[in-house]
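Residue-level listing of the chains:
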Amino acid sequence: MHLAGYPLSALLGVFGAAALGAVLLYILKLRRRPVPVVFSPIWRRVLGDRESSKLFSRLKRWLSLLLQLALLALLTLALGDPRMGAATSDSRHVVVLIDASASMLASDVVPSRLDKAREAATGFLTGLGSNDRMLIAQMDANVTPLSTMTDDVGALELGLEQLRASDTRADLSRGLSFALDSLRGRSHPEIIVISDGAFPESATRHVPSLAGVQLSFVPVGNDAQNVAITAFSVRRYPLDRSRYEVMLEVFNTNDAPAEVELSMFGDGQLVQTGHLSLAAKERRAQFFPNLAGADRTLEALIELPAGQDHLARDNRAYALMPERRRTRVLVVTPGNTYLEAALLLDEYLEVTSVVPGAPLPEGRFDVTILDGGNVVTPEPRLGGLLYLDVPASGGPVGHRKAIEDFGFDRWDEKSGILRWIAPENIQVTKGHALAPEPRDQIVGSSELGPILVAGRRSGQSFVALGFDPRQSDLVLRVAWPLFILNSINHFVEEDTGYISSFRTGDVWQVPAPGPGALGWVTEPDGSRHRVAIKEGRAAYAGIHAGFYELAVDASDRPPTRFAANLSDLDESQIAPQKKLALGGSEAGEATGFSARSRHQIWGYLVLAVLAVSAIEWLTYHRRVTV
Amino acid sequence: MLNALKRAFGVDRRGAGKKTLAAAAGQRAPSSLLFDDEFQRKLESLALVSRRVFAGRMRAERRSKKQGSGVEFADHRAYAPGDDFRFVDWNVYQRFGRLLVRLYEEEEDLSIYLIVDCSASMGFGSPSKFDQARRLCAALAYVGLANLDRVTVVGASDHQGALMPATRGKNRIFKVFHFLEQLEASGVTDLQTSLKTFVAQHKRRGLAILLSDLYDPAGFESGINVLRYNKFEPYVLHMVEPQGSFAGQEGIVGDINVYDCETGEEREVTVTEQVLRNVRQAHQEYDAAIQRFCTRSHVPYFPAPADVPFDELVLGLLRRGGVLY
């Protein structure tokens, strides 16, 4: 017999202290309940006969003390966790990796694959040998140990209760690496993978070497009916930001056609419904143009008849639209009908016009448009400066030379200023080739020199056009209002492009809403987590689909909202695998977990304590031991 | 308040005795819990019952053993210088030539001494024996006052405590109430000492009604004997616990520390049902011993359980006789 718990020296110390306390309590006189009596001589007369038995009564008290000491000894021995047989050097060490990816929430087995996996792990616990030790870990995009390497079945069961599925794929390679690290240097190492086996082929090909480690696989799952949303995007229309367009991709992983009912919710309200007929294994991307009724959040939901879809987690997708706000624009112009018309197109512009030479109005502006070669003294409150026909002096860039009959021969296609514009079609009568400084961005140029330049001067952004638009056909084209609105967006950094959501399981680099080193991420369920912000971005690995928020400490700016989706083709293919082949070898079945006795004696010791306590209780009430 | 009660009850000379006790109670301030209106109504009825029981007897006309100025002839004795000539029996002188003086039995009112045990044990248990004793005392005092006897009330514990001097006339009942309300159950029982003080202070002998639980560590006999040996006519009203009760000690089982409510004497004891049975039996034997002693000593004995209505007890006493007449 050996002690698996506290060592003998510690147990002796504990027993000595406890026994001393018990003896002291017995030596000290018990405080008895005072009861008044009406005439004590009567009691004296009655109890006089019992005086003779006082010595025997004392002996019975000592018997009670001996019983208490025996109880203490049994309890102390139980603390030592005595075991029959040899020490733990020959014991097995088992790491149980439980797949907690999204596919484990499939309901092809009742109630879910994850619960079946939990049941299987519980079976291993009951069959764990008295000298064996086990570690349970949850394996999704990350590996989360749910217990230590222990033989404490209670702790292992507690760890199993904490098992939760996530909206991510399982990273088998990472899980196996963790298991190998946990088993390094331990005797009889074993890894048990409990999973539906729906790993991508690449995940099973690149795994660490499992030499010397017994690998077992416990499959869960029976069926594989699933239709999933694999992509979901939304964008606003540039010229009408109250309306938007949605791209939705749906994948039918089944071998049979599927009829899908689609619902879209904007800001929690139903804004669109539809019906999709998908062929077997069909993956269809569908656009829903010209939608309205949502301002911030968009949520897509697909529904199928019962039995045709076993995984509900990939039936929802989330997207956020860029926040809309009014842009304050100051226009310094002697009068320009084309410019005024272009600015009328966006109802979210708040335009203030002044004539050149007039005092500038008070207040802050996001953008100042300087028309007709006018200039102002740059101030931060004027926001970005858009020069139409920038003058040779007083503006951010000078003139290289005067040019005539030119157009855009080269342009920066990545620049948002020329987004959705075909610059090659624009013809200009006369203007100037600009002389940008080295760090300026040449957005467009003709063969004769740069004609559209963007950059910063003293921290203030500018866009300078080298010609008067009225000296070109630009103002007659659709490109004209686009150019004006793109330029304004360039300054206010309001994106009208497709908004991609993050994918769960990845490490996200989320732009922080303001300066700061620490922030909070609020998960879709409302829980908050501390994050560090470095270089204006917070790194966060989210595992649940939905809408998140990132707030920065000590910043008065509103938090950044973003969406996360499962959007994983591989994870949505939930066909369970009965075998697990890793690196060319196949995992075996888990063995050696028969439901035999664990031969832990402490339980019997505690039972003995209870029995002795019961005996003492009974004898106490029969007045035998007191 | 007491003066107001006296006036309401007709103590003033103009309306003396005209009003009943209940009528007076209706006009005075709210009475105490002990002697409330209900209690006073019962006293009134007790007084009526006592008149029926003792109908035909003259009030305050009890022949005493003293010879004096009464109307009923008792004896002759030889004339001595200084005797009142009016009592010389001239007929005898004419016939026998001897000067003899006629002696008459002196008529005097009865002195009733109500001695209430005020030791702490009297206040033990619920309902309280002390309250019962005070009610009984008040009732007996009222009956006595109504029959024009001289009533004295004494509180006793380990010494003679409060004393209400002798008084007569039922108008004085509120004085008795007031006195009894001032009494408290405290101290140790020592009847011998307290009654010795009592007899030393009261030379006029009479009926001494002792209302006590007789839990005297020195023995109950000595206290009663003090009254007997000093020519008082003792009557024992034994205040006992409610019927079926066991001195408040029901259900105390286990390791306890019993202490005497009077002396504070402590004793650690493990109480079992057997011990409780023995204690109960010892109490019964103690009560039986008191009764035996009283019977043997020709001292009227009457047990008064604390839970029996006082008026029933008083009626029982009156019917049994020997207390007041």
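These numbers come from a predicted model, not from an experiment.

With that settled, the discussion passes to the sheet that holds strand β9 (residues 254–260) of chain B. Spatially, β2(A)-β9(B)-β10(B) is the arrangement adopted by the 3 strands of the open sheet, whose pairing is mixed. The open sheet has two edge strands, β2 (33–37) of chain A together with β10 (266–271) of chain B, and neither has a second partner. Going from strand to strand, the sheet's axes swing by 40° on average, the running direction of each strand aside. Relative to β9 of chain B, β2 of chain A runs parallel, the two sharing 5 bridges. Paired with P34 of chain A across the two strands is N257 of chain B, which belongs to β9 of chain B.

The next thing to look at is the confidence of the model for chain B. Residues and elements named next belong to chain B. Here chain B shows a mean pLDDT of 76. Residues at 70 or above account for 73%. Counting interchain partners and residues more than four positions distant, the pLDDT-below-50 stretch residues 22–31 has 17 contacts. In this model, residues 52–66 is a region of pLDDT below 50 whose contacts with residues beyond four sequence positions or in other chains number 19 contacts.

Moving on to helix α5 (residues 153–161) of chain A. Residue and element names in this part refer to chain A. Buried within α5 are the following residues: L156, G159 and L160. Buried residues of α5, seen end-on, are gathered within an arc of 100° and therefore sit on one face of the element. Pointing more than 90 degrees away from the buried face of α5 are the exposed residues G154 and E161. Those residues of α5 hidden inside the fold are in contact with α4 (113–126) and β5 (133–139).

This part covers the nonpolar core. Grouped together as the largest cluster of nonpolar side chains are 89 residues, with contacts concentrated most on V96, L97, I136 and I192 of chain A. Those residues in contact with V96 of chain A, other than ones at most four positions away along the chain, are A121, F124, M134, I136, I192 and I194 of chain A. Grouped together as the second largest cluster of nonpolar side chains are 73 residues, I112, F124, A141 and Y235 of chain B included.

Bringing the interface of chain A and chain B into the picture now. Each partner contributes to the interface: chain A provides 18 residues, whereas chain B provides 29 residues. The set of elements that each furnish at least two residues to the side of chain A that touches chain B consists of β2 and α2 (40–47) of chain A. Counting residues per element, the side of chain A that touches chain B draws most heavily on α2 of chain A, which supplies 7 residues. In terms of residue class, the side of chain A that touches chain B is built from 13 nonpolar, 1 polar and 4 charged.

Let's shift gears to the packing of α2 of chain A against helix α9 (residues 273–296) of chain B. Close contact between α2 of chain A and α9 of chain B brings their axes to 9 Å; oriented N to C, the two are set at 125°. It follows from the interaxial angle that α2 of chain A and α9 of chain B lie oblique. You can see that α2 of chain A and α9 of chain B cross each other, and the crossing is right-handed. Together, I42, W43, R45 and V46 of chain A of α2 of chain A and V275, N278, V279, A282, H283 and Y286 of chain B of α9 of chain B make up the contact between the two elements. When the residues that make up the contact of α2 of chain A with α9 of chain B are grouped by side-chain class, the tally is 7 nonpolar, 2 polar and 1 charged.

Attention now goes to the packing of helix α8 (residues 337–344) of chain A against helix α9 (residues 479–492) of chain A. Residues and elements named next belong to chain A. Axis separation between α8 and α9 bottoms out at 9 Å; the angle between their running directions is 70°. Judged on the interaxial angle alone, α9 and α8 are roughly perpendicular. The way α8 lies across α9 gives a crossing that is right-handed. Across from Y338, A342 and L343 in α8, the residues of α9 making contact are W480, P481 and I484. For the contact of α8 with α9, the per-class residue count stands at 6 nonpolar, no polar and no charged.

Parameters and conventions
Per chain, residue numbering runs from 1 following the sequence as it is written. Starting at A for chains and at 1 for ligands, labels are handed out in the order in which the entities are written. In view of the model being predicted, local features appear only for residues whose pLDDT reaches at least 70, and side-chain atom pairs are presented and counted only at 80 or more, with totals across whole chains, interfaces and linings using the full set of residues. Being paired, for any two strands, means DSSP has found at least two bridges between them. Helix and strand definitions follow DSSP, with helices as H or I runs of at least four residues and strands as E runs of at least two, each counted in order from the N terminus. Fitting a line to C-alpha atoms yields each axis, with helices limited to the stretch in contact; the angle taken between N-to-C directions then spans 0 to 180 degrees. The pLDDT score gives, residue by residue, the confidence of the prediction method on a 0 to 100 scale. Each residue gets a C-beta atom placed from its backbone, and two residues are in contact if those atoms lie within 7 Å. With C-beta atoms placed from the backbone, a residue is labelled by how many other C-beta atoms lie within 10 Å of its own: buried for 20 or more, exposed for 12 or fewer, partly exposed between the two. Arc, as used here, means the arc of the directions from the helix axis to the C-beta atoms. For our purposes the nonpolar core covers buried Ala, Val, Leu, Ile, Met, Phe, Trp, Tyr and Cys residues that link as a set through C-beta atoms within 7 Å. Under this grouping Gly is polar, as are all residues other than the nonpolar Ala, Val, Leu, Ile, Met, Phe, Trp, Tyr, Cys and Pro and the charged Asp, Glu, Lys and Arg. Under this scheme an angle from 65 to 115 degrees is roughly perpendicular, one under 35 degrees roughly parallel, and one over 145 degrees roughly antiparallel; angles in between are oblique. Handedness of a crossing follows from how the near helix is turned relative to the far one, being left-handed for an anticlockwise turn of less than a right angle and right-handed for a clockwise one.

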